[in-house]
Amino acid sequence: EDKVVQSPLSLVVHEGDTVTLNCSYEVTNFRSLLWYKQEKKAPTFLFMLTSSGIEKKSGRLSSILDKKELSSILNITATQTGDSAIYLCAVERGGSEKLVFGKGTKLTVNP
Amino acid sequence: GAVVSQHPSRVICKSGTSVKIECRSLDFQATTMFWYRQFPKQSLMLMATSNEGSKATYEQGVEKDKFLINHASLTLSTLTVTSAHPEDSSFYICSALRRAYGYTFGSGTRLTVV
């Protein structure tokens, strides 16, 4: 059965801290791994990763995929209170366009 | 960009009634849309894949007669929760895939059945 596991499930930090969120997967016919940020409503897209070892960056956020270890990390540097959200990792299976989601990491950034 | 509009954002209904949720792709044609359900503190669980012009494909354990999906046009998919019960209360989200932009999600519908 396809599985996506995120850790930690919950994280509380202070503004300015750097955080690393983890995602590991066991999915048949891997196509891509995606990171989303979910605040109160729908998830918003952060990154799509298909190639191992290539870091993607967007401002203070960055992510990288390790296909050998079947995992990915999402880094957030100099965290701000606006980064507080649930971060979802999802894996797309080739041939079906379906996404398998992890349970998410709830990040709380305190001032 | 790729925008998906979902409404209503929030609905309260009586037990035994039916509720329809709409999902529209505003600036692109979506041959495939996906419907998810999310319980509190849980992840998004795929319910079904909605295909324009054909029957939806339901995930294991999802009752097709209870969650009716219609994808009558390239820009609109609807999910109807029939004979809703309190256990159907949840957050329902649709998404559509546009290859250049990845998966875009609607804003979600909070359904409360009383």
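Our subject is the structure listed above.
No experiment lies behind these values; they were computed from the predicted model shown.

Colleague: Describe the sheet that holds strand β6 (residues 56-58) of chain A, and please don't skip the residues or the numbers.
Modeller: Residue and element names in this part refer to chain A. Spatially, β1-β3-β8-β7-β6 is the arrangement adopted by the five strands of the open sheet, whose pairing is antiparallel. Each end of this open sheet is capped by a strand with a single partner; those strands are β1 (3-7) and β6. With direction set aside, neighbouring strand axes in the sheet form an average angle of 15 degrees. For strand β7 (residues 61-66) and strand β8 (residues 71-76), the ladder comprises six bridges, and the chain directions are antiparallel. Opposite Ser62, over in β8, you have Asn75 as the bridge partner.

Colleague: Mind laying out the state of the cysteines, listing which residues take part and the relevant values?
Modeller: Taken as a whole and assessed by the stated rule, the structure comprises two disulfides over all chains. In this model Cys23 of chain A forms its disulfide with Cys89 of chain A; the gap between the sulfur atoms is 1.9 Å. Taking the sign of the S-S torsion, about -65 degrees here, the bridge from Cys23 of chain A to Cys89 of chain A comes out left-handed. Here Cys23 of chain A, found in strand β3 (residues 19-26), pairs with Cys89 of chain A, found in strand β9 (residues 85-93); they are 66 residues apart in sequence, far enough to count as distant. The residues Cys23 of chain A and Cys89 of chain A share a single accessibility class, namely buried. Counting only cysteine sulfurs, Cys94 of chain B is the nearest neighbor of Cys13 of chain B, a cysteine outside any disulfide, at a range of 18 Å. By relative accessible area, which is 9% here, Cys13 of chain B ends up buried.

Cut-offs used in this document
- Residues numbered from 1 in each chain as written.
- Chains lettered and ligands numbered in written order.
- Predicted model: local features only at pLDDT ≥ 70, side-chain atom pairs only at ≥ 80, totals over all residues.
- Heavy atoms only, no water.
- Pairing = 2+ DSSP bridges.
- Helix = DSSP H or I, 4+ residues; strand = E, 2+ residues; numbered from the N terminus.
- Axes fitted to C-alpha atoms, helices over the stretch in contact; angles between N-to-C directions.
- Disulfide = S-S within 2.5 Å.
- Buried < 20%, exposed > 50% of the residue type's maximum accessible area, 1.4 Å probe, protein only.

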